[in-house]
Amino acid sequence: MRTDTKEIVCRMAYLIGIKKPTLVSSYANECSELLEQLGASKEATVIRYLCKLRTALMLKFKRTDDILRNDYIILIK
């Protein structure tokens, strides 16, 4: 059984938290059923929101993380 590359990309895009309007505009014709299945799946939705949370934390708190890492290294020395 061979899986279409577009289905794999669509699935990964959903899981990493690409905005739904972007997903629909890019994959609605070929993968509309897959997008509906992913939207109905509790596990996929949890993964999607955890990825979005991780991305938000990395973007918003990068400066704080850098400061903590640098200060921690100085304290160790």
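Up top is the structure.
Residues numbered from 1 in each chain as written. Predicted model: local features only at pLDDT ≥ 70, side-chain atom pairs only at ≥ 80, totals over all residues. Heavy atoms only, no water.

S.K.: Please clarify how the nonpolar core should be interpreted in this entry.
M.R.: Looking at soluble globular proteins, one finds that nonpolar side chains tend to be buried together. Membership of the largest hydrophobic core is limited to eleven residues, which are Cys10, Ala13, Tyr14, Leu15, Leu23, Tyr27, Cys31, Leu34, Leu35, Leu38 and Ala44. Among the secondary structure elements, those contributing two or more residues to this core are helix H1 (5-15) and helix H2 (20-40). Top contributing element to this core by residue count: H2, with six residues. If sequence neighbours within four positions are ignored, Leu38 has contacts with Arg11, Tyr14, Ala44 and Thr45. (Core = buried A, V, L, I, M, F, W, Y, C linked by side-chain atoms within 4.5 Å. Buried < 20%, exposed > 50% of the residue type's maximum accessible area, 1.4 Å probe, protein only. Helix = DSSP H or I, 4+ residues; strand = E, 2+ residues; numbered from the N terminus. Contact = heavy atoms within 4.5 Å.)

S.K.: Would you explain the packing of H2 against helix H3 (residues 42-60) in this entry?
M.R.: A packed helix pair is summarised by two numbers, namely the angle formed by the two axes and the spacing between the axes. The interhelical angle for the contact between H2 and H3, taken along N-to-C directions, is 135°, at an axis separation of 9 Å. Classed by the angle they form, the pair H2 and H3 counts as oblique. In contact with Lys20, Leu23, Leu38, Gly39 and Ala40 of H2, H3 contributes Lys42, Ala44, Thr45 and Arg48. Here the contact of H2 with H3 is built from residues that sort into four nonpolar, two polar and three charged. (Axes fitted to C-alpha atoms, helices over the stretch in contact; angles between N-to-C directions. Parallel < 35°, antiparallel > 145°, perpendicular 65-115°, else oblique. Nonpolar A, V, L, I, M, F, W, Y, C, P; charged D, E, K, R; others polar.)

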